[in-house]
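Examining the three-dimensional arrangement
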Amino acid sequence: FEVSYSVPGYQMAVFTVFTDTVIRHYRTSVVSKALLFQLIIFTTTLIAPFFIAYSTRGFWKREGAYREQADVTFRRELVMSLAGYKHSSRIAFSSFSHLNHLLSDQLRVPLIRSREDDPNLDGLADALYFHVEMPLLPDEDVLHVQLLLFFDYQLKVNGSCVETADSGIIVVYDSNACFWNL
């Protein structure tokens, strides 16, 4: 029982009859929007940098080397031109039908054998063996050979990114001496 006076100059009696403490309980489920937000912030600030560092192959890489052998395959397409002493004695062949139509007066069909070799058995060709036999008339000679071979080129950078291209090789052979049975 308590008596209190609060008027200035006069004291008045105030009685406290009952006191009670207020207890409030706030409840929520385990999974909430606040927890989801906290997990997103935690992931982006602590875990994401580790994945970024792993995918970029390390922090502060100062020096590195990477070797990859390209997958080069012969497309069985070629253009060939042979020339002799006389300018009119030009012989040509192509694996393209529209070019063969244009070269109809100089066209001869050779015997062509080619194979790709993979001695280390890694699935990528390491060598191309190419053999051509062109039929010649008895009075024809060959001093100059031009050969254009076409290839498919595929390179995997770091084992994941694939770069593809079409490529060609030009082979030119000149001789001062005449040779037969090419």
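Described below are features of the structure shown in this document. (Residues numbered from 1 in each chain as written. Predicted model: local features only at pLDDT ≥ 70, side-chain atom pairs only at ≥ 80, totals over all residues. Heavy atoms only, no water.)

Some words on helix 1 (residues 33–55)
This is how the line gets drawn: The secondary structure listing takes helices from DSSP runs of H or I that are at least 4 residues long and strands from runs of E that are at least 2 residues long, numbered from the N terminus. Expected span of a helix: the number of residues minus one, times 1.5 Å. One axis fitted to the seven residues ending at a residue, another fitted to the seven starting there: the angle between these axes is the bend at that residue.
With 23 residues, helix 1 should cover 33 Å at 1.5 Å per step; its first-to-last C-alpha distance of 30 Å lies within 8% of that length. Along helix 1, the sharpest change in direction is near 45° and occurs at I47; proline P49 comes one to four residues later.

A closer look at the packing of aromatic side chains
Going by this rule: To pair, rings of Phe, Tyr and Trp, with the six-membered ring standing in for Trp, must have centres within 6.5 Å; the planes then decide the type, stacked if under 30 degrees apart, edge-to-face if over 60, and tilted in the middle. Note on exposure labels: buried denotes an accessible area under 20% of the residue type's maximum, exposed denotes more than 50%, and partly exposed covers the range between, all computed with a 1.4 Å probe on protein chains only.
Tallied over the full model, the rule gives 3 aromatic pairs. Ring centres of F96 and F150 lie 5.5 Å apart, and the angle between their planes is 80°; on these two criteria the pair is classed as edge-to-face. Here F96, found in the loop between strand 4 (91–94) and helix 2 (97–102), pairs with F150, found in strand 7 (residues 142–157); they are 54 residues apart in sequence, far enough to count as distant. Residue class for F150 comes out buried when judged on its relative accessible area of 19%. In this structure an aromatic cluster arises from ring pairing among F74, F130 and F151.

Describing empty space enclosed by the protein
Cut-off, in case you're wondering: Cavities and pockets are defined on a 1 Å grid built over the protein atoms alone: a cavity is a set of grid points where a 1.4 Å probe fits but cannot escape, while a pocket is an open set with protein on both sides within 12 Å along at least five of seven lines, and lining residues are those with an atom within 4 Å of any such point. Grid points are joined across faces, edges and corners, and a volume is the space filled by probe spheres set on the points. Each residue receives one of three labels: charged for Asp, Glu, Lys and Arg, nonpolar for Ala, Val, Leu, Ile, Met, Phe, Trp, Tyr, Cys and Pro, and polar for the others, Gly being one of them.
Taken as a whole and assessed by the stated rule, the structure comprises 1 cavity of 30 Å³ or more. Empty space within the largest cavity amounts to approximately 30 Å³. In this structure, the largest cavity is lined by L82, A83, G84, S89, I91, E140, D141 and V142. Looking at the lining of the largest cavity, its residues break down into 4 nonpolar, 2 polar and 2 charged.

Things to note about unusual backbone geometry
Residues other than glycine seldom take positive phi values, yet R76 does so here, at roughly 65°. Within the secondary structure, R76 sits in strand 3 (residues 71–83). Taking relative accessible area as the criterion, R76 reaches 48% and is therefore assigned partly exposed. The residue L121 is not glycine, and still its phi comes out positive at about 55°. Locating L121 in the fold gives a position in the loop between strand 5 (111–117) and strand 6 (127–133).

Interpretation in functional terms is not warranted from these geometric data alone.
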